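If you want the building blocks of each chain, they are given just below.
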Amino acid sequence: MVRYLVSFGLFAILVALLAVGLGHDPRRIPSPLIGKPAPQFSLPELAHPERTLSRKDLLGKVTLFNVWASWCVSCRDEMRVLDALAKSGVVPIYGLNYKDHRTAALEWLKAFGNPYVVNAFDQAGRVAINWGVYGVPETFVVDAKGIIRYKQIGPITPYALNRKILPLVRRLQEEARR
Amino acid sequence: MRRLYPLLLLLLLMPAVPAVRAASPAAAPTVPTSGFTNPREDARYHALLKNLRCLVCQNESLQDSQAGLAKDLRREVRDQMRQGKSNRDIVRYLVARYGDFVLYRPPLMHSTYLLWFGPFIGLLIGIVVLVALVRKRARAPDGEPPPDGARKRLVELLRDREGPKT
């Protein structure tokens with residue numbers, strides 16, 4: 001009897017371990033940049049190549065820094081969420097247009113909506129690497145001091161927005177006001 | 001079945017034999033060119049790439065992966081080598097951005113003790129269990145003494161088996 005119980009116990013432990021393993025999403029690699037200052041960058045703007053956007057443009061307020069591309073299908077789904085968020089005016093969204101063509105990106109914004117305050121144009125993808133980006137879309141929450149506080153890997157779902165991003169943004173805005 | 005055991009064991013070990021691997025007709029992946037003319041630098045470049053993981057296709061190294069990100073990361077490694085950065089600098093740069101996940105050889109830390117030592121612990125437990133079982137069997141008595149008359153019956157049976165005497 002004891003023998004069966006021991007075997008069953010071991011089996012149950014194995015099943016529990018496997019269940020935990022299945023629950024993990026291997027594509028979600030936690031960013032070591034959270035809690036660290038956002039990396040420096042200086043890039044031409046997407047719509048106005050003669051102007052530049054740099055890290056210091058993000059400072060002084062809580063911002064979302066959204067990495068996207070016109071060739072990215074799930075960015076399209078995300079656009080509805082971002083559009084609604086931009087209209088609410090809660091938090092400014094800055095964009096990093098990743099490895100794209102300028103004309104394609106601008107057309108895409110015309111077709112699917114433009115929630116961005118301004119977009120940086122990272123054609124070579126070097127700034128994205130510096131930010132630890134490995135897929136699009138990805139979104140960083142950057143606080144007023146320029147510290148990365150959260151990274152959303154994959155599109156922002158309404159669930160992620162309401163449960164994680166918005167509460168965090170409000171808390172950070174509170175912090176910045178103090 | 002018992003006779004099959006060595007064969008099964010051999011089959012299990014097959015993938016570990018490099019000669020078998022080399023003979024398999026798997027398509028050779030195109031090796032990315034480093035652009036370094038110095039063979040030493042070229043070797044260093046490829047050695048670095050082999051130990052770095054592509055974040056997109058997670059079971060491929062930067063050396064093997066054809067993903068866009070892998071190409072960009074290869075370019076990053078190459079550029080940093082040209083700038084005179086050491087291997088350690090380059091690895092540190094990538095780990096700072098992508099975490100230990102980019103390393104094919106995870107560093108020895110609290111959270112990786114089980115990963116590094118787990119197999120040896122498992123082996124140790126196995127050996128202990130094996131030794132305990134073998135000792136228990138060796139010590140066990142051969143069972144009850146044969147009942148009366150068993151010996152006589154056995155002799156009879158053996159005699160019968162030999163067939164009729166000529």
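So, how was this worked out
- Residues numbered from 1 in each chain as written.
- Chains lettered and ligands numbered in written order.
- Predicted model: local features only at pLDDT ≥ 70, side-chain atom pairs only at ≥ 80, totals over all residues.
- Heavy atoms only, no water.
- Domains from an automatic or database assignment.
- Core = buried A, V, L, I, M, F, W, Y, C linked by side-chain atoms within 4.5 Å.
- Buried < 20%, exposed > 50% of the residue type's maximum accessible area, 1.4 Å probe, protein only.
- Helix = DSSP H or I, 4+ residues; strand = E, 2+ residues; numbered from the N terminus.
- Contact = heavy atoms within 4.5 Å.
- Buried area = accessible area lost by both parts, 1.4 Å probe.
- Salt bridge = Lys/Arg side-chain N within 4 Å of Asp/Glu carboxyl O.
- Polar contact = N/O pair within 3.5 Å; in protein donor to acceptor, adjacent residues only side chain to side chain.
- Nonpolar A, V, L, I, M, F, W, Y, C, P; charged D, E, K, R; others polar.

Novice: Mind laying out the domain arrangement of chain B, listing which residues take part and the relevant values?
Specialist: Taken domain by domain, chain B holds domain 1 (24-106) and domain 2 (108-141). A separation of 37 Å is found between the C-alpha centroids of domain 1 of chain B and domain 2 of chain B.

Novice: Before we move on, can you summarise the nonpolar core with the specific residues and values?
Specialist: In this structure, Phe41(A), Phe65(A), Trp131(A), Val141(A), Val77(B) and Tyr98(B) are the most contacted members of the largest nonpolar core, which totals 73 residues. A total of six residues in this core trace back to one element, the largest contributor, which is helix α5 (residues 158-177) of chain A. Leave out the neighbours within four places in its chain, and Val141(A) touches Val62(A), Thr63(A), Leu64(A), Ile147(A), Ile148(A), Arg149(A), Tyr150(A), Ile165(A), Leu168(A), Val169(A) and Leu172(A).

Novice: Got a sec to walk through unusual backbone geometry? Specific residues and values, please.
Specialist: All names here are of chain A. With an omega of -10°, the peptide bond running from Val136 to Pro137 counts as cis. A positive phi is found at Lys99, a non-glycine position, where the angle reads about 45°. Summarising the element assignment, Lys99 is placed in the loop between β4 (93-98) and α3 (102-112). On the accessibility criterion, Lys99 (28% relative accessible area) is partly exposed.

Novice: Run through the interface of chain A and chain B, naming residues and quoting values.
Specialist: Residue-level contacts link 17 residues of chain A with 17 residues of chain B. For the pair chain A and chain B, the summed buried surface comes to about 1,400 Å²; carbon and sulfur atoms form 48% of the total. Considering only the side of chain A, the residues that lose the most area to chain B are Ile29(A), Arg126(A) and Ile129(A), jointly responsible for 39% of the buried surface there. Applying the counting rule to chain A against chain B returns two salt bridges. The closest approach of N and O atoms between Arg126(A) and Asp79(B), which form a salt bridge, is 3.0 Å. If you look at where chain A meets chain B, you find six residue pairs in polar contact (both at pLDDT 80 or more). Tallied by class, the residues present in the side of chain A that touches chain B amount to ten nonpolar, four polar and three charged.

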